[in-house]
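A look at the structure
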Amino acid sequence: MKIVSVTEGESVTLQTDVTELRGKELIVWRFGEEGKLIAKHDIEAKSPPSYDTDGRVIDRLKLDHQTGSLIITNSRTADSGLYKVKISSNKQTLYKRFTVTVS
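To start, this report covers the structure provided alongside it. Computed from a prediction, not measured in an experiment: that's the story for all the values here.

Thresholds applied
- Residues numbered from 1 in each chain as written.
- Predicted model: local features only at pLDDT ≥ 70, side-chain atom pairs only at ≥ 80, totals over all residues.
- Heavy atoms only, no water.
- Salt bridge = Lys/Arg side-chain N within 4 Å of Asp/Glu carboxyl O.
- Helix = DSSP H or I, 4+ residues; strand = E, 2+ residues; numbered from the N terminus.
- Buried < 20%, exposed > 50% of the residue type's maximum accessible area, 1.4 Å probe, protein only.
- Polar contact = N/O pair within 3.5 Å; in protein donor to acceptor, adjacent residues only side chain to side chain.
- Contact = heavy atoms within 4.5 Å.
- Phe/Tyr/Trp six-rings, centres within 6.5 Å; stacked < 30°, edge-to-face > 60°.
- Pairing = 2+ DSSP bridges.

For the coordinates displayed, the defined rule picks out three salt bridges. The salt bridge partner of D79 is R60, with a shortest N-O separation of 2.9 Å. Taken together, the residues D79 in the loop between β7 (70-72) and β8 (81-88) and R60 in the loop between β5 (50-51) and β6 (61-63) connect sequence positions 19 residues apart. Like D79, the residue R60 is buried in the burial classification. Connected through salt bridges with shared partners, the residues K2, D17 and K96 form a single ionic network.

So this is what it looks like as structure tokens:
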């Protein structure tokens, strides 16, 4: 698990450590202990990413299309918590967890 600290108002990127997506991956980002879906992108379907939140971060979330990393702009203290990503392809599945603290 990676621990990330950021000052309120700054942007933060949660790095997947993937250098380049191959084009057949499914990327799913979840937030909080309950694992609420916040972002999903099916690269193979060639559709734009979808963001499914309660509205508090939706306009401030972006997915890096090359790496699957999650970018949170203009961070707020309410963005603090557990973030999980799952990147699946037909060859492998990558899981990463981040604890974000916004102060």
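In this structure, T67 sits in the loop between β6 and β7. In this structure the side chain of T67 is engaged in a polar contact, spanning 3.0 Å, whose partner is the side chain of S69. Other than its neighbours up to four places away in sequence, T67 contacts T16, V18, T19, L21 and I87.

With that settled, the discussion passes to the packing of aromatic side chains. Tallied over the entire structure, the rule returns two aromatic pairs. Plain terms: the ring middles of F31 and Y83 are 4.7 Å apart, the flat faces sit at 55° to each other, and that makes the pair tilted. Taken together, the residues span a long stretch of sequence, with F31 in strand β3 (residues 26-31) and Y83 in strand β8 at a distance of 52 residues. Using a relative accessible area of 2% as the deciding quantity, one classes Y83 as buried.

Looking along a regular strand, one sees the side chains alternate between the two faces of the sheet. Bridge count between β3 and strand β4 (residues 36-42): six bridges; the pairing is antiparallel. Across the sheet, W29 pairs through a bridge with A39, a residue of β4. Where β3 hands over to β4, the hairpin turn is made up of four residues, of which G32 adopts a positive phi near 85°. Sheet topology note: the β4/β5 ladder contains two bridges and is antiparallel. The residue bridging K40 from the neighbouring strand is S50, located in β5.

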